[in-house]
Amino acid sequence: MRVALFVTCINDLLHPRTGRAVVTLLERLGVAVDFPAAQSCCGQPQFNTGYRHAAEPLVRRFDRAFRDYAYVVTPSGSCAAMVRDNYPRIGAKAAAEGRGRELADAAALAVPKTYELTEFLVDVLEVTDVGAYYPHTVTYHPTCHGLRMLGLGDRPRRLLSHVRGLELRELPGAEECCGFGGTFAVKNPAVSAAMGADKVRQVIGTGAEAVCTVDNSCLLHIGGTLTRQGSTVRPVHIAEILASTEGSVW
């Protein structure tokens, strides 16, 4: 099986280790991974800020970059949700405005083949034990897009439960937003910071060594708050945990 990696902007610019971890993990499971160089932003910042038309060229770019692949895998619930939930909205709006079906057709191709990483592992590869080893205590924060838009459910937890050496600790108020929300954090910094402080208080209270999510955008917010409070809790993407083995811990 061959898949395309959609690494996303935040991972490319700030968390490249996560992209490398995805490749390591998938190749260990027998999956060949391509990285189409033509990929770019999914358009989520523009769309969420109300600039729908500015997001349209990025829908077209996504279509050109990934058209020839049966599976597109991304380590981002947020960006996967943008493609699956909002690309059809963009296409439908353009068609309703009399501008043809190009965007709607591009969305129709993109939606069924775009998978967040844990979805791909559990639903497509049908695996929950990926042979990982991570000897640490970990708490898991289910991000809003993964929880509410993609409906990831217990997939990430099922994968974590099979990691040897890992002790998973329950996070109180796990389903509460961390406060990042992409452009929300920019537009409402005080509210965002207060929500982040609440989330970090719960994370620290678990006594875990690390907090993990399926989105580095949320980890950026949680991790920054942890650092400012002088906490030693490490923010780590689930891909880096699943890619770890006894011979190589990410």
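Cut-offs used in this document
Residues numbered from 1 in each chain as written. Predicted model: local features only at pLDDT ≥ 70, side-chain atom pairs only at ≥ 80, totals over all residues. Heavy atoms only, no water. Pairing = 2+ DSSP bridges. Helix = DSSP H or I, 4+ residues; strand = E, 2+ residues; numbered from the N terminus. Axes fitted to C-alpha atoms, helices over the stretch in contact; angles between N-to-C directions. 1 Å grid on protein atoms, 1.4 Å probe; cavity = no way out; pocket = protein on both sides within 12 Å on 5 of 7 lines; lining within 4 Å. Points joined across faces, edges and corners; volume = space filled by probe spheres on them. Nonpolar A, V, L, I, M, F, W, Y, C, P; charged D, E, K, R; others polar.

Looking at an unreviewed UniProt entry, one finds the protein chain named Fe-S oxidoreductase, with Streptomyces chattanoogensis as its source organism.

*Asks:* I'd love a proper account of the sheet that holds strand β7 (residues 210-213), names of residues and values included.
*Replies:* Two modes of strand pairing occur in sheets, parallel and antiparallel, and in both the strands are linked by backbone hydrogen bonds. What the four strands build is an open sheet, ordered β6-β5-β7-β8; its pairing is parallel. Only two strands of the sheet have a single neighbouring strand rather than two, namely β6 (167-169) and β8 (234-237). Direction aside, the axes of adjacent strands within the sheet are offset by 35° on average. Judged from the three bridges that link them, strand β5 (residues 137-140) and β6 form a sheet pairing that is parallel. Across the sheet, T137 pairs through a bridge with E167, a residue of β6.

*Asks:* Could you give me a rundown of empty space enclosed by the protein, with the residues and numbers involved?
*Replies:* If you walk through the whole model with that rule in mind, you get two cavities of 30 Å³ or more. Empty space within the largest cavity amounts to approximately 40 Å³. Around the largest cavity, the lining residues are Y140, P142, T143, G146, L147, L152, G153 and V214. A per-class count over the lining of the largest cavity returns five nonpolar, three polar and no charged. Within this model, the second largest cavity holds a volume of roughly 30 Å³. A breakdown of the residues in the lining of the second largest cavity according to their chemical character gives six nonpolar, two polar and one charged.

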